[in-house]
Amino acid sequence: MRLFQCEICASPLYFESRHCDKCRHELGYEPEVSDLLALTREGDVLIPVAAPHQRYRFCANAAVEACNWLVPEDHDEEYCIACRHNRTIPDISDPKLRTKWLRIEVAKRRLIYSLLRLNLPLESNEDREGGLCFDFLADAPDKNVPRIMTGHDEGIVTIALAEADDAEREQRRNDLGELYRTLLGHFRHEAGHYYWNRLVRDGNRLEAARALFGDERHDYGDSLKAYYKAGPPAGWEETHVSAYATAHAWEDFAETFKHYIHIVDTLEMASAFGMKVRPRLDRTGELKAEVDFNPYCAHSIQRMVEAWAPIAFALNNMNRCLGMSDAYPFVLGKGVMAKLGFIHGLVHRAIPADPVREDVQSPRSVDLPPGKGKSAEDAPEGSPVAWIAAAAAMVSAV
């Protein structure tokens, strides 16, 4: 994420800021220009100090302190481009539920920021059936009723409100043996399922996806049962970004998509700070990184990974100095980097469609290792699978 600065006093701002901490000027985020604007008021009309000819109003969720995004005054929408994806929210008259919902909204807006910066298709369910929408649901008071599970089903992303409770989320992370579990991670993972629908299934790129992630036609329920019974296969770290990614091709894609957004967004922030990292690794040289590029633009995945490795190493060491867990407790094997290269090509429209369309299932995820795809060595030149072979070769030196 980029850095923001007050237009009045030049103080640094957080993405979530509603007022400048120094000059107390009112602020609003304008997604079209991706900036926090200093505002003056004429009643409910908001006028940017730097562009007094423009007129805005706050998203309706600003009235309950859940949003700081702007809507052009002449637009009919009540909600901003991020909040119009909400389908169900909890009963915010309950203070505990409201507090959890506000935390969820912070993570959601960071997801939408990334999707907009990548120029990914972002229809809501009001735009078309199967568009991206969110249900934020609380567990029932009755202990006999099953708990809400975070998951995705044909564009509908359910986020369990319990995940906004730090203690509950940490308990689930430990119970499931996960290295990482955050609200923002949930949003990015479930968005990965949605974009498998939009960019792989509907974009007719199944052959290319199966070459790396495996065959999604393997029974999803049976695959999850096998994973939770036996765990990941030996040596999974070289080919999968997380143990859970080994459960099924859909989960592998969603986990890889999540990590791609992690990397892009964090590198943008590192670039905004002008970070230079030079940890000496051995006597023959040093691994160094200067993030002097915009990772949201179509740079090569190799350049991104070369910058990310030392940045992640630095972040982990700084966390350890504070007695905290590693910020990024993952190792990117060559197989993982090839998959990240696929996601990179996918979001930048660089992966060709398959020659022939075929009927497929749609991912329906809730919180057997994938089957082998066609061999890249056997693929004809110019085919999607051959493109994957090139992507794998591109990162093999990293």
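This text goes with the structure placed above it.
The text that follows walks through the structure, step by step, so that each part is easy to find. Bear in mind that the values here come from a model prediction, so they are computed numbers and not experimental data.

Here we come to the pattern of salt bridges. Between side chains of opposite charge, pairing is possible as soon as their charged atoms come close. Within the structure shown, the criterion is met by 29 salt bridges. Across the pair Asp 215 and Arg 217 runs a salt bridge whose closest N-O atoms are separated by 2.9 Å. Residue Asp 215 is classed as buried on the basis of its relative accessible area of 16%. Residue class for Arg 217 comes out partly exposed when judged on its relative accessible area of 40%.

Here we come to helix α5 (residues 220-230). What α5 keeps buried is the set Tyr 220, Ser 223, Leu 224 and Tyr 227. Down the axis of α5, the smallest arc covering the buried residues is 100°, so these residues share one side. Exposed residues lying more than 90 degrees from the buried face of α5 are Lys 225, Lys 229 and Ala 230. Where α5 starts, the residue carrying a side-chain oxygen 3.2 Å from the main-chain nitrogen of Gly 221 turns out to be Asp 219. Backbone geometry just downstream of α5 places Gly 231 in the positive-phi region, at approximately 80°.

Our focus in this paragraph is a negative patch on the surface. On the surface, Glu 73, Asp 74, Asp 76, Glu 77 and Glu 126 cluster together to form a negatively charged patch. Inspection of the secondary structure puts Glu 73 in the loop between β7 (70-72) and β8 (86-88). Since its relative accessible area comes to 39%, Glu 73 is described here as partly exposed.

Turning next to the pairing of strand β11 (residues 156-160). Of all five residues making up β11, four are buried, and the element is well covered by its neighbours. Relative to β11, strand β9 (residues 133-137) runs parallel, the two being bridged by five bridges. If you follow Leu 137 over to β11, its bridge partner there is Ala 160. Sheet analysis places strand β10 (residues 151-153) next to β11, joined by three bridges and oriented antiparallel.

The rules we used
Residues numbered from 1 in each chain as written. Predicted model: local features only at pLDDT ≥ 70, side-chain atom pairs only at ≥ 80, totals over all residues. Heavy atoms only, no water. Salt bridge = Lys/Arg side-chain N within 4 Å of Asp/Glu carboxyl O. Buried < 20%, exposed > 50% of the residue type's maximum accessible area, 1.4 Å probe, protein only. Helix = DSSP H or I, 4+ residues; strand = E, 2+ residues; numbered from the N terminus. Arc of directions from axis to C-beta. Polar contact = N/O pair within 3.5 Å; in protein donor to acceptor, adjacent residues only side chain to side chain. Patch = residues over 30% accessible without salt bridge, like charges linked within 9 Å, V, L, I, M, F, W, Y side chains within 5 Å. Areas by Shrake-Rupley, 256 points an atom, 1.4 Å probe, with all protein chains shown as cover. Lys, Arg positive; Asp, Glu negative; His and termini not counted. Charge placed at Lys NZ, Arg CZ, Asp CG, Glu CD. Pairing = 2+ DSSP bridges.

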